[in-house]
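Chain residues, written in single-letter form:
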Amino acid sequence: MSALLEIRDLDVEVSGQPVLRGVSLKVEAGRVRGLVGESGAGKTMVGRTLLGIMPGNARITAGSVTFDRRDITRLDERERRPLLGKEIALIPQNPMTALNPVERIEPQITDVLRLHLHMSRAAASQRAVEVLRQVRLRDPRRVLRQYPHELSGGMRQRVLIAIAFACGPKLIIADEPTTALDVTVQRHILGLIKELQTKFGTAILFITHDLGVVSKICDDVSVIHSGRILESGVATDVFARPQHEYTRALFAATPRYDRPAELHKPISDDLTRRLWEEAYAYDAAPVRL
Amino acid sequence: MPLLSASKLSLSLPDRASQKLLGAATTVDILKDVDLDLEPGESVGIVGESGSGKTSLGRTLLRLYEPTGGRLMFDDRDIAHLHEDQLRPMRDKIQMIFQDPQSSLNPRHRIEDILAQPLLAFARVANRQEGRRAAAALLERVHLPLNFARRYPHELSGGQRQRVGIARALALEPKLIVADEILSGLDVSTQAQILVLLRELKAGSALIFISHDLSVVRVLCDRVLVMHRGTVVETGSCEEVFARPRHEYTKALLSAIPLPELDPGWIARGAALEELSSA
């Protein structure tokens, strides 16, 4: 069976500078794939390429992105519109800026329902209560009348999760959805995402810099650095036997409260330099067909 | 004798949110009876979630806030209610590293002038030339190339800017450095490098390291103070507290941290906790 999402040998440039180098990645239906990397690794660019919301000066120079057996790399705005929010949804990183601050919560949910599911105003309002109940927000009717600034960070992230799941998407791109939250709230939000993902059989591409978060929510893992996927595998394998030197270095550089300080090791400059040399070598290689 | 000693330190601020149009605001307790002793050269982590009072505690210890109760001894002197004029001569003994180096470094000053500023303010150097020489030495201590001296903050990466923030705090050789969430905006690899640098430098000064990240505190600090709703719920050596937490809140906080290892039951245990707390 082919994967729900398959990225093959994707090269992306921003202003002529390569940012993704031969990225290949699959997300199988109903599974969660973690995409782990540090800032500048290209993980957010992968997400933005999938959503077709790349910056204006970004260009796909090679490769393909197949979603549900369709090539979505070359869709124009009109063809993409019915896809986004309905079949591919986003849980963004910053719940502060992702909601419209001057609009109540209700229209921010019902707009999506009316556009994609062609619901009437009344039906959408009714459904909005249900989707908020689904993310376990207490008193959903009250939340619908509130403005984003009246909600806590965790509540706002629940609203965004509700919007992402509202139209029953096949794939959700979650870009660092818990990074801005306290750990106890993060734990609840991760639990909620996992619960809804299991219930609806949604596939998720979970973008994060945090190996800890990946280990708790992902079935499959890909590690990205300098715009290249260095390692991909089933989570149980990657965590038990990381294959790439960088993956092992990332584990050692992640502080752990349960281990003595001496076991914490930064990533060596030598390794970082070698990884970038490999990346530049990729750029210099003859044109790929 | 401790370098810093807080006993029953309290801070209440007017609660503007609940204030009626006419009439006095009620007060809200930010810190309640906080005790903390810090020996010279010791490093203590203050951890807690947002709203726990950890940043307010840091700011009160620095006397950026005046405590509303309790005693605050620094260097054998009660500084709890000193006037700003009386505090200023001793400001060189306590320095702060801020969370966001982007906004705490003057964007219109070159790095060398940013680093020379505290030295000039406390007349440790006679003139700008001497200040710039000292700045070069500081860049070296935080492992930044000397040619950064002429650059502006926006020309540096986040990790490099944070190194400048650290260098500035070191400039006056303070007895105490207070660092508030200085690693939170940084990557794992950048964070790891800064942690190594801090471990290397902390021998010189006592360090109060405020952080929501308990794992980072374990790497850097000797002792930890766990804050919850303005009070210290638990304190002890990092090794002890992280291996055998006694307080329920510390236990909950530690169990909420996703360690980078497989733990299939983790999500389900969290859901059970949530049921419990919302019941």
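Conventions adopted
- Residues numbered from 1 in each chain as written.
- Chains lettered and ligands numbered in written order.
- Predicted model: local features only at pLDDT ≥ 70, side-chain atom pairs only at ≥ 80, totals over all residues.
- Helix = DSSP H or I, 4+ residues; strand = E, 2+ residues; numbered from the N terminus.
- Rg over C-alpha atoms; globule rule 2.2 N^0.38 Å.
- Buried ≥ 20, exposed ≤ 12 C-beta atoms within 10 Å, placed from the backbone.
- Pairing = 2+ DSSP bridges.
- Axes fitted to C-alpha atoms, helices over the stretch in contact; angles between N-to-C directions.
- Parallel < 35°, antiparallel > 145°, perpendicular 65-115°, else oblique.
- Left-handed = near helix turned anticlockwise from the far one by under 90°.
- Contact = placed C-beta atoms within 7 Å.
- Nonpolar A, V, L, I, M, F, W, Y, C, P; charged D, E, K, R; others polar.
- Domains from an automatic or database assignment.

Q: When you look at the overall build of chain B in this model, what are you seeing that I'm missing?
A: Secondary structure assignment for chain B yields eleven helices and ten strands. A globule of 279 residues ought to have a C-alpha radius of gyration of about 19 Å, and chain B, at 20 Å, matches this closely. If you line up chain B on its principal axes, its C-alpha atoms span 65 × 55 × 45 Å. A total of 279 residues make up chain B; the buried ones form 41% of that total.

Q: Sorry if this is basic, but what is going on with the pairing of strand 6 (residues 94-97) of chain B here?
A: One face of the sheet, then the other: side chains in a regular strand alternate in exactly this way. Residue and element names in this part refer to chain B. Side chains Ile 94 and Met 96 project from strand 6 onto one buried face, and the interleaved Gln 95 and Ile 97 project onto a second face that is buried too. As defined by bridge partners, strand 6 adjoins strand 7 (residues 176-180) across four bridges and the pair is classed as parallel. Looking at strand 7, one finds that Ile 94 is bridged to Leu 176.

Q: What should I look at first to understand the packing of helix 6 (residues 158-170) of chain B against helix 7 (residues 188-201) of chain B in this one?
A: When two helices pack together, their arrangement is given by the angle between the helix axes and the distance between those axes. Residue and element names in this part refer to chain B. Running from amino to carboxyl end, helix 6 crosses helix 7 at an angle of 15°, the nearest separation of the two axes being 10 Å. Overall, the two elements helix 6 and helix 7 adopt an arrangement that is roughly parallel. Here helix 6 and helix 7 pass one another in a crossing that is right-handed. Of helix 7, the residues touching helix 6 (which contributes Gly 158, Gly 159, Gln 162, Arg 163, Ile 166 and Leu 170) are Thr 190, Gln 193, Ile 194, Leu 197 and Leu 201. Looking at side-chain class alone, the contact of helix 6 with helix 7 contains five nonpolar, five polar and one charged residues.

Q: Looking at this structure, how should I read the domain arrangement of chain B?
A: Quite often, the size of an interface is put as the accessible area lost when its parts meet. Residue and element names in this part refer to chain B. Domain annotation of chain B identifies domain 1 (4-246) and domain 2 (247-279). For domain 1 versus domain 2, the separation of C-alpha centres amounts to 30 Å. Listed per partner, the contact involves ten residues of domain 1 and seven residues of domain 2. For the side of domain 1 that touches domain 2, the secondary-structure elements that each account for two or more residues are helix 8 (214-220), strand 9 (223-228), strand 10 (231-237) and helix 9 (238-243). Residue composition of the side of domain 1 that touches domain 2, grouped by class: six nonpolar, two polar and two charged.

Q: Could you clarify how one ought to interpret the sheet that holds strand 5 (residues 77-78) of chain B in this entry?
A: Hydrogen bonds between backbone groups are what pair the strands of a sheet, and the pairing can be parallel or antiparallel. All names here are of chain B. Sheet architecture is open: four strands sit in the order 2-1-4-5, paired in antiparallel fashion. Both outer strands of the open sheet, strand 2 (27-38) and strand 5, are each paired with one neighbouring strand and no more. One ladder, built from two bridges, connects strand 4 (residues 69-74) with strand 5; its direction is antiparallel. Bridge pairing in strand 5 places Met 73 opposite Asp 78.

Q: Explanation requested: the pairing of strand 2 (residues 17-27) of chain A in the structure shown.
A: Residue and element names in this part refer to chain A. Where strand 1 (residues 5-14) lies against strand 2, seven bridges are found, and the strand directions are antiparallel. Bridged to Val 14 within strand 2 is Gln 17. Adjacent in sequence and paired antiparallel, strand 1 and strand 2 are bridged by two residues, among which Ser 15 carries a positive phi angle near 50°.

Q: How should I be thinking about the interface of chain A and chain B in this particular structure?
A: Between chain A and chain B, the contact holds 31 residues from the first and 32 residues from the second. Elements with a contribution of two residues or more to the side of chain A that touches chain B: helix 7 (183-200), helix 8 (211-217), helix 9 (235-240) and helix 10 (245-253) of chain A. Broken down by element, the residue count for the side of chain A that touches chain B peaks at seven residues, all from helix 7 of chain A. A breakdown of the residues in the side of chain A that touches chain B according to their chemical character gives 14 nonpolar, ten polar and seven charged.

Q: I tried to follow unusual backbone geometry on my own but got confused; where do I start?
A: Glycine aside, the phi torsion of most residues is negative, and most peptide linkages are trans. In this model, Ser 15 of chain A sits at a positive phi of 50°, which is unusual for a non-glycine residue. Within the secondary structure layout, Ser 15 of chain A lies in the loop between strand 1 and strand 2. Phi angles above zero are rare outside glycine, and Asp 76 of chain B is one such case at about 70°. As for its placement among the helices and strands, Asp 76 of chain B is situated in the loop between strand 4 and strand 5.

Q: I keep staring at the environment of Arg 133 of chain B and nothing clicks. Help me out?
A: Residue and element names in this part refer to chain B. Along the chain, the position of Arg 133 falls in helix 5 (residues 128-141). For Arg 133, a count of 13 C-beta atoms within 10 Å translates into the label partly exposed. For the pair Arg 133 and Ala 149, spaced 16 residues apart in the sequence, the C-alpha separation amounts to 9.8 Å.

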